[in-house]
Amino acid sequence: MDYKIINGTIVTATDTYRADIGVQGGKIVQIAKKIKEPAQEVIDAKGLYILPGGIDIHTHLDMPFMGTSSSDDFETGTIAAAFGGTTCIVDFAIQGKRQSLKGALKTWMKKAANKAVIDYGFHIAITDLNNRVMAEIPEMVAAGVTSFKCFLAYKGALMIDDGALYRILQESKRAGALVMIHAENGDVLDILINDYISKGLTEPKYHALSRPPEAEAEATGRGIAIAQMAGAPIYIVHLSCKEALAKVKEARDAGFPAYAETCPQYLLKSYNNYLEPNFEGAKYVMSPPLRDKSNWEPLWKGLAYGDLQIVSTDHCPFNFKGQKDKGKDNFAAIPNGAPGIEHRLMLMFHEGVNKKRITLNRFVDLVSSTPAKLFGLFPQKGTIAVGSDADLVLWDPKAQFEISAKNHHQNVDYTPYEGFKVKGLPKVVLANGKVIVKDNQFLGTAGSGRFIKRKPVRL
Ligand code: URP
Ligand code: ZN
Ligand code: ZN
């Protein structure tokens, strides 16, 4: 046996219990009250929780966007993820105009190879649909890409129309893939953005004002209705507001398989951040935008009661100096996105579990198990079971920390969570049975992360 983890408390989405874990060849090979066999190394997890590694199914590493590129590549981004207890990501390969899906996947495979320190998969964002691309959907599923993203916003760039969404939903259902939507009404937003700019209203707060919650709710409801017509399930990414949540809830209450994620920024930051002086509001320019604080409680309740199923980060970092400042005189030129891959688990544990908004098991469910289940990774990942990958986080619930750009590993010059104090941190992180982070030291290797062929998704 390579490792024996003793004296810890295992926490899964359903259970919390004391047991030892045996690890060999990258897999969990034994779980028992006491493991007697010797191991090459023994890790004492006394006082620690043992969690399945975090799975972040919404990241944008090394992504060309709005005239620049997200500042974390697959090495820096996955190292930062590992420091935060995330051991698997699913990133977005974006289809370029006139590009094949195969071509998009190849481009992103190259970005990740020899760099990623944790396992990864890809969704493909379909931005240019034609019959040839339609025929590639089952081929991509066979290659392990079992989810596709459709943008209902970013008109003139990534946005597709409702007919294309309908066709993608139909074919994905047949092929065993889940369709994810960025739900904002891109046509209306385009007019609102131009109206503000033409009036000289160019500060970061107008980014939020030009993307109202109604535009998100409308696109969420429309996406769900189109999915119903296609007889396919649907997944809403980065849901930010109570109006959109109501659409998901209504569909779920009617028995329709609509799923949704939110992100820590929509639970912990607000519209007021756009009012920060010296253009600092640009740090929070993302889409959908941060909303009024009155949305926080409904979103937390959505997570606690099951109307929202996943917490992802939508990690899409751009430096404040040299990237965000492209939009100094025009909010529409500020690259959309913010960092967060490193801090998801600690924020959700502290703000969620410590503050009693969600239970410990629900926390594991939201950051690991349901992401694995909905995206074809379960039970290889997302749980602690014999046969699963030994992606494990030894979590110290008492360790305290203040989040700062001065101590993070993300390749970006700020964090939206600067000054947040959290209690509960990863102490040891194993990926595929190897210790890659221990006591805040990185021990992994670039390129050791593997591309994971995800299984077809039938919901
Ligand atoms: O502002 C955001 N969310 N940027 C990343 C791209 C996306 O829409 O997910
Ligand atoms: Zn999006
Ligand atoms: Zn995104």
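All values reported here derive from a predicted model rather than from experimental measurement. (Residues numbered from 1 in each chain as written. Chains lettered and ligands numbered in written order. Predicted model: local features only at pLDDT ≥ 70, side-chain atom pairs only at ≥ 80, totals over all residues. Heavy atoms only, no water.)

Caption draft 1: Structural view of the overall build of the chain. Along the backbone of the chain there are twelve helices and 21 strands. The C-alpha radius of gyration computed for the chain amounts to 21 Å, which stays within 12% of the reference 23 Å derived for 459 residues, consistent with globular compactness. Principal-axis analysis of the C-alpha atoms places the extent of the chain at approximately 70 × 50 × 40 Å. Counting all 459 residues of the chain, 61% fall into the buried class. Taking all contacts inside the chain whose residues are at least 6 apart in sequence as the whole, residues at least 24 apart take part in 76%. Only carbon and sulfur atoms are counted for the fraction: they give 52% of the accessible area of the chain, which is about 16,600 Å². (Helix = DSSP H or I, 4+ residues; strand = E, 2+ residues; numbered from the N terminus. Rg over C-alpha atoms; globule rule 2.2 N^0.38 Å. Buried < 20%, exposed > 50% of the residue type's maximum accessible area, 1.4 Å probe, protein only. Contact = heavy atoms within 4.5 Å. Areas by Shrake-Rupley, 256 points an atom, 1.4 Å probe, with all protein chains shown as cover.)

Caption draft 2: Up close: the layout of surface pockets. Considered as a void within the structure, the largest pocket measures approximately 320 Å³ in volume. In terms of lining residues, the largest pocket is bounded by 17 residues, among which Met66, Tyr154, Lys155, Ile193 and Arg211 are the most central. With four residues, helix 5 (residues 186–198) is the single largest residue contributor to the lining of the largest pocket. Quantified by volume, the second largest pocket comes out at close to 240 Å³. Looking at the second largest pocket, it is lined by 14 residues, and the ones nearest its centre are Phe83, Phe401, Leu425, Pro426 and Asn440. (1 Å grid on protein atoms, 1.4 Å probe; cavity = no way out; pocket = protein on both sides within 12 Å on 5 of 7 lines; lining within 4 Å. Points joined across faces, edges and corners; volume = space filled by probe spheres on them.)

Caption draft 3: Expanded view of the coordination of the zinc ion (ligand 2). Around the zinc ion (ligand 2), the protein contributes the donor atoms Lys149 (NZ), His182 (ND1) and His238 (NE2), which lie 2.1 to 2.6 Å from the metal centre. Summarised as a motif, the one-chain spacing of the donors to the zinc ion (ligand 2) is K-x32-H-x55-H. For the pair the zinc ion (ligand 2) and the zinc ion (ligand 3), the metal-to-metal distance amounts to 3.8 Å. Linking His182 in strand 14 (residues 178–182) with His238 in the loop between strand 15 (234–236) and helix 8 (242–253), this pair joins segments that are 56 residues apart in sequence. Side by side, His182 and His238 carry an identical accessibility label, which is buried. (Donors = N, O, S within 2.8 Å, 3.2 Å for Na, K, Ca; no water.)

Caption draft 4: Representation of unusual backbone geometry. The step from Ser287 to Pro288 runs through a cis peptide bond, and the omega angle for that step is -5 degrees. In this fold, Pro288 is placed in the loop between helix 9 (264–268) and helix 10 (296–305). Omega for the bond connecting Phe378 with Pro379 falls within 30 degrees of zero, at 0 degrees, which places this linkage in the cis form. Residue placement: Pro379 occurs in the loop between helix 12 (360–374) and strand 18 (392–402). Of note, Asp314 is a non-glycine position whose phi angle comes to about 55 degrees, a positive value. Take Asp314: it is sitting in the loop between strand 17 (310–311) and helix 11 (344–354). Asp314 gets classed as buried once you look at its relative accessible area, which sits at 8%.

Caption draft 5: Quick look at empty space enclosed by the protein. Counted according to the given criterion, the structure contains one cavity of 30 Å³ or more. Put simply, the largest cavity is a space of about 110 Å³. Within the lining of the largest cavity, the residues separate by chemical class into seven nonpolar, seven polar and two charged. (Nonpolar A, V, L, I, M, F, W, Y, C, P; charged D, E, K, R; others polar.)

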